[in-house]
Amino acid sequence: MQPLLSPEEIATQAPGDILTNRLPADRLFAQRADRLRTLAAGHAMADFLLFCARIADVQQTALERLRPLTQRPDEGLLLRCRQHGMPPLDAQGADLPDTWYEVLTTLSRELEPWAPPVLQSALLSLPGLGRPALDALARSILRCEASPDTVIELALAPLVGAALQVTWTARALALNGQDIPSGFEDSLCPACGSHPVASIVRIGDAGHGVRYATCSLCANEWHVTRIKCVPCHNTKDIAYQGLEGEEGALNPGVKAETCPACQASLKIVSMEKDPFVDAFADDLATLALDMLVDEAGFHRAGRNLFLFTP
Ligand SMILES: [Zn+2]
Ligand SMILES: [Zn+2]
């Protein structure tokens with residue numbers, strides 16, 4: 001990461017000067033489940049979105065159980081991370097918290113009756129897979145490494161992703177906003193170092209029209225300038241594409257922001273257009289937009305852990 005401020009300036013910045021990071025809402029997953037149910041109405045992929053809503057409901061319950069057991073990192077580590085712009089909840093290199101596996105067990109148990117057939121048979125194999133194989137799968141997902149080895153692992157990947165989201169969201173909620181490095185506007189989450197799922201233009205307490213990138217893992221949001229490519233920071237010839245139906249724009253709150261410099265496309269969801277948008281849920285409901293920009297030669301830069309891609 002390239003600092004925009006010196007470490008001294010970052011360390012002496014008064015808390016609350018600018019809202020550079022927004023921690024996830026306490027009821028993040030419950031709100032996401034509601035949004036997914038709204039988006040499912042009349043949608044061609046309604047069954048998929050409704051199952052995702054069930055996952056989000058169970059994620060909320062698991063999050064509430066996990067939060068009291070989740071500790072803040074030690075103060076020395078937090079200070080070093082703030083000074084050098086390193087993510088305190090590093091998802092790439094640091095150890096996997098043990099709690100992630102308990103969350104996976106809870107999610108599997110609660111979701112098994114509603115799971116689609118492919119996932120149901122994968123869940124039957126879960127006890128036989130063994131903890132080392134599941135830890136390895138979790139690490140490969142966190143590090144965006146190559147695809148899982150087997151059909152079972154591929155089917156389990158979204159559920160493993162869901163368990164990792166709960167674990168990292170609980171860890172993010174144990175932080176204060178000021179614990180997270182600020183003054184860096186990077187393409188990766190300053191709390192955990194993961195890729196964004198999309199970006200969101202917010203209204204309300206953050207002021208009108210302020211844009212944040214939403215983390216695909218811990219759900220922290222970090223401030224990013226508007227009309228600027230999040231992956232490569234280019235500001236030239238940025239364009240926007242939406243989904244058009246016969247009667248006008250479909251999902252008017254969602255656009256793909258495309259960058260001719262790096263050929264990336266990252267979605268931008270706007271609370272100015274629809275106050276109930278959720279970056280993660282609205283991303284799942286607009287996969288047709290990804291296909292459209294893909295045909296135009298742009299690759300998807302957003303990462304969604306329910307859609308397994310390395
Ligand atoms: Zn994050
Ligand atoms: Zn770019």
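Please read all numbers here as calculations on a predicted model, not as lab measurements. (Residues numbered from 1 in each chain as written. Chains lettered and ligands numbered in written order. Predicted model: local features only at pLDDT ≥ 70, side-chain atom pairs only at ≥ 80, totals over all residues. Heavy atoms only, no water.)

K.L.:
Even after reading the chapter, I still don't get the coordination of the zinc ion (ligand 2), so can you show me in this structure?
P.N.:
As a benchmark, a tetrahedral metal site with four donors has ideal angles of 109.5 degrees, while an octahedral site with six donors has ideal angles of 90 or 180 degrees. For the zinc ion (ligand 2), the full set of protein donor atoms is Cys 229 (SG), Cys 232 (SG), Cys 259 (SG) and Cys 262 (SG), at a range of 2.3 to 2.4 Å. Around the zinc ion (ligand 2) sit four donor atoms; with metal-centred angles ranging over 105 to 113°, the donor geometry is tetrahedral. For the zinc ion (ligand 2), the single-chain donor residues occur in sequence as C-x2-C-x26-C-x2-C. Within this pair, whereas Cys 232 is found in the loop between strand S4 (221-223) and strand S5 (239-241), its partner Cys 259 is found in the loop between strand S8 (254-258) and strand S9 (264-270), the two being separated by 27 residues in sequence. By relative accessible area, which is 1% here, Cys 259 ends up buried. (Donors = N, O, S within 2.8 Å, 3.2 Å for Na, K, Ca; no water. Tetrahedral: all angles 85-135°; square planar, octahedral: opposite > 155°, others 65-115°. Helix = DSSP H or I, 4+ residues; strand = E, 2+ residues; numbered from the N terminus. Buried < 20%, exposed > 50% of the residue type's maximum accessible area, 1.4 Å probe, protein only.)

K.L.:
For this particular structure, what's the right way to read the side chain of Asp 283?
P.N.:
By the secondary structure assignment, Asp 283 is in helix H9 (residues 279-284). For Asp 283, a relative accessible area of 1% corresponds to the buried category. Separated by 2.7 Å, the side chains of Asp 283 and Lys 267 make a polar contact. In this structure, Asp 283 is in contact with Val 197, Lys 267, Asp 278, Asp 290, Arg 300 and Asn 304, ignoring residues within four places of it in sequence. (Polar contact = N/O pair within 3.5 Å; in protein donor to acceptor, adjacent residues only side chain to side chain. Contact = heavy atoms within 4.5 Å.)

K.L.:
Please explain the pairing of strand S2 (residues 196-202) as it appears in this structure.
P.N.:
Along any regular strand the residues' side chains alternate between the sheet's two faces. S2 sits mainly inside the fold: seven of its seven residues count as buried. Note that S2 and strand S3 (residues 210-215) share six bridges and pair antiparallel. If you follow Arg 202 over to S3, its bridge partner there is Val 210. (Pairing = 2+ DSSP bridges.)

K.L.:
Any chance you could explain the domain arrangement of the protein here in plain terms?
P.N.:
Quoted interface sizes are often the accessible area lost when the parts come together. Here the protein is described as being made up of domain 1 (7-179) and domain 2 (196-300). A C-alpha centroid distance of 21 Å is found between domain 1 and domain 2. Regarding the contact of domain 1 and domain 2, the summed buried area is about 1900 Å², with carbon and sulfur atoms giving 58% of it. In terms of surface lost to domain 2, no three residues of domain 1 exceed Arg 22, Arg 32 and Arg 35, which account for 39% of the buried area on that side. Our enumeration of links across domain 1 and domain 2 arrives at four salt bridges. (Domains from an automatic or database assignment. Buried area = accessible area lost by both parts, 1.4 Å probe. Salt bridge = Lys/Arg side-chain N within 4 Å of Asp/Glu carboxyl O.)

K.L.:
Would you explain the packing of aromatic side chains in this entry?
P.N.:
The geometry of two aromatic rings is summed up by the distance between their centres and the angle between their planes. Under the criterion given, the structure shown has two aromatic pairs. Summarising the aromatic geometry, the rings of Trp 100 and Tyr 101 are spaced 6.3 Å apart at their centres and angled 75° between planes, so their arrangement reads as edge-to-face. Classification of Tyr 101 as partly exposed rests on a relative accessible area of 27%. Centroid distance Phe 280 to Phe 306: 4.8 Å. Interplanar angle 90°. Geometry classified as edge-to-face. Here Phe 280, found in helix H9, pairs with Phe 306, found in the segment after strand S10 (299-300); they are 26 residues apart in sequence, far enough to count as distant. Exposure class is identical for Phe 280 and Phe 306. Each is buried. The aromatic ring of Tyr 212 is capped on one face by Arg 22, whose charged end is 5.9 Å from the ring centroid. (Phe/Tyr/Trp six-rings, centres within 6.5 Å; stacked < 30°, edge-to-face > 60°. Lys NZ or Arg CZ within 6 Å of the ring centre and 35° of its normal.)

K.L.:
Explain unusual backbone geometry to me, please; I cannot follow it from the model alone.
P.N.:
Negative phi is the rule for most residues except glycine; trans is the rule for most peptide bonds. Even without a glycine there, the phi angle at His 233 is positive, about 70°. Here His 233 is to be found in the loop between S4 and S5. Accessibility expressed as a relative area gives 34% for His 233, which makes it partly exposed. Despite not being glycine, Gln 263 shows a phi value in the positive range, around 60°. For Gln 263, the position within the fold is in the loop between S8 and S9.

K.L.:
Explain the coordination of the zinc ion (ligand 1) here, please?
P.N.:
In the first shell of the zinc ion (ligand 1), the protein supplies Cys 189 (SG), Cys 192 (SG), Cys 215 (SG) and Cys 218 (SG), at 2.3 to 2.4 Å from the metal. Every donor counted, the four donor atoms about the zinc ion (ligand 1) form angles of 97 to 117° at the centre, which fits tetrahedral coordination. Between consecutive donors of the zinc ion (ligand 1), the numbers of intervening residues give the motif C-x2-C-x22-C-x2-C. Of the two residues, Cys 192 sits in the loop between helix H8 (151-173) and S2 while Cys 215 sits in strand S3, which places them 23 residues apart along the sequence. What makes Cys 192 buried here is its relative accessible area of 0%. Take Cys 215: its relative accessible area is 4%, and that puts it in the buried class.

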